[in-house]
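# An overview of the molecular structure
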Amino acid sequence: MKDTVYMEEMDAFTYRKKLEKNAVVFIPVGALEQHGSHMAMCVDAALTRAMAGATAEALAASAKGRFEAVVASPINYGYRSQQRSGGGFHLSGTTSLSGTTLIALAKDIVYGLIGHGARKIVFMNGHYENFQFIFEGAELALEKARENGVYDAKIQLLSYWDFVDEKTIEELYPDGFTGWDLEHAGVMETSLMLLLYPDLVDMGKIDDPLYDGLPAVLPNYDVLPIVAGYTPPSGCLSSPAASSRDKGVVLRDVAVKNMVAAIKQEFASD
């Protein structure tokens, strides 16, 4: 059996041994969401699992035996896509969870991992809209653990794009950066997909007139029912035209390096 950081690819005995060594356990959280006509709908889940895997491997390698790392099976669905950060849940293909469902999933998975013996848990988020719901689920799981006598579990919650530093943003977005909310299906995600899953990207599609007029110009408020006309026809919120595999390498490497540092900072003394 191959050596792997992915929990679902391990046998149960290897997994137990890693937890006995106080492994950091990552939980990737993504979404099934449209990403224009140039990319597959699995982007959020696929990238988050891959980024968690790369971070787990880098953490274990840099720690020289002080850290083991495991990546749990991802949550592949996310909270409702919002019009100002994901195009909106009205778009075909986007298949969303309610907030209460995502909270319950996060709580149950965390509590299950704590039951296995995990005490260092990292939620890695890859869908902008998920964050507060996984935060709530994590807190509820800790409350339940404390009620059952477990007081030493610790959870870190992060979104991988927050670890791309300002210097890198300036280099990769020389014409200006519109913000991570408008990066839905834009340069960051497309570049990472070109690096990690190139067979799920078709850059030839971005010449379609559907992609004209990006980045999106959206109101600074939300409205329900959703006004479909506020979302660009492509479903993207910024242009992917400047994407490249090389940018994907930079984005991955910078984010992984900075996430490893943050994880070590929180868990080194535990």
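In this report, we go over the structure that sits alongside the text. (Residues numbered from 1 in each chain as written. Predicted model: local features only at pLDDT ≥ 70, side-chain atom pairs only at ≥ 80, totals over all residues. Heavy atoms only, no water.)

## Notes on the overall build of the protein
Looking only at helices and strands, the protein features eight helices and four strands. The helix and strand sequence of the protein, counted from the amino end, reads α-β-α-β-α-α-β-α-β-α-α-α. Its C-alpha atoms give the protein a radius of gyration of 19 Å, within 12% of the compact-globule value 18 Å for 270 residues. Counting the 270 residues in the protein, one finds 50% classified as buried. Sequence-distant contacts, at least 24 apart, represent 79% of the contacts inside the protein between residues at least 6 apart. For the protein, the accessible surface area stands at approximately 12400 Å², while carbon and sulfur atoms represent 53% of it. Each charge sign in the protein was given a centre, from 23 positive and 35 negative side chains, and these centres are 9 Å apart. (Helix = DSSP H or I, 4+ residues; strand = E, 2+ residues; numbered from the N terminus. Rg over C-alpha atoms; globule rule 2.2 N^0.38 Å. Buried < 20%, exposed > 50% of the residue type's maximum accessible area, 1.4 Å probe, protein only. Contact = heavy atoms within 4.5 Å. Areas by Shrake-Rupley, 256 points an atom, 1.4 Å probe, with all protein chains shown as cover. Lys, Arg positive; Asp, Glu negative; His and termini not counted. Charge placed at Lys NZ, Arg CZ, Asp CG, Glu CD.)

## Points about the sheet that holds strand E2 (residues 69-71)
Taken in spatial order, the four strands line up as E2-E1-E3-E4 in an open sheet, and their pairing is parallel. Each edge of the open sheet carries a strand with a single partner, namely E2 and strand E4 (154-159). Adjacent strand axes in the sheet meet at a mean angle of 20° when their direction is disregarded. Pairing geometry for strand E1 (residues 24-29) and E2, over three bridges, is parallel. By the bridge assignment for E2, Val25 is matched with Val70. Its contacts with the sheet place helix H5 (residues 131-147) against E1, strand E3 (120-125) and E4, and it is angled at close to 175° to E4. (Pairing = 2+ DSSP bridges. Axes fitted to C-alpha atoms, helices over the stretch in contact; angles between N-to-C directions.)

## Let's talk about the packing of aromatic side chains
Across all of its chains, the model carries five aromatic pairs by this definition. Geometrically, the ring pair formed by Tyr128 and Trp161 is stacked, given 6.3 Å between the ring centres and 20° between the ring planes. Taken together, the positions of Tyr128 in the loop between E3 and H5 and Trp161 in the loop between E4 and helix H6 (166-172) put the pair 33 residues apart, joining distant regions of the chain. When its relative accessible area of 42% is taken as the criterion, Tyr128 is described as partly exposed. Three or more aromatic residues joined by ring pairs make a cluster, and in this case those are Tyr128, Tyr160 and Trp161. Directly above the ring of Phe13 sits Arg16, whose terminal nitrogen or CZ lies 4.5 Å from the centroid. Directly above the ring of Tyr6 sits Arg49, whose terminal nitrogen or CZ lies 3.8 Å from the centroid. (Phe/Tyr/Trp six-rings, centres within 6.5 Å; stacked < 30°, edge-to-face > 60°. Lys NZ or Arg CZ within 6 Å of the ring centre and 35° of its normal.)

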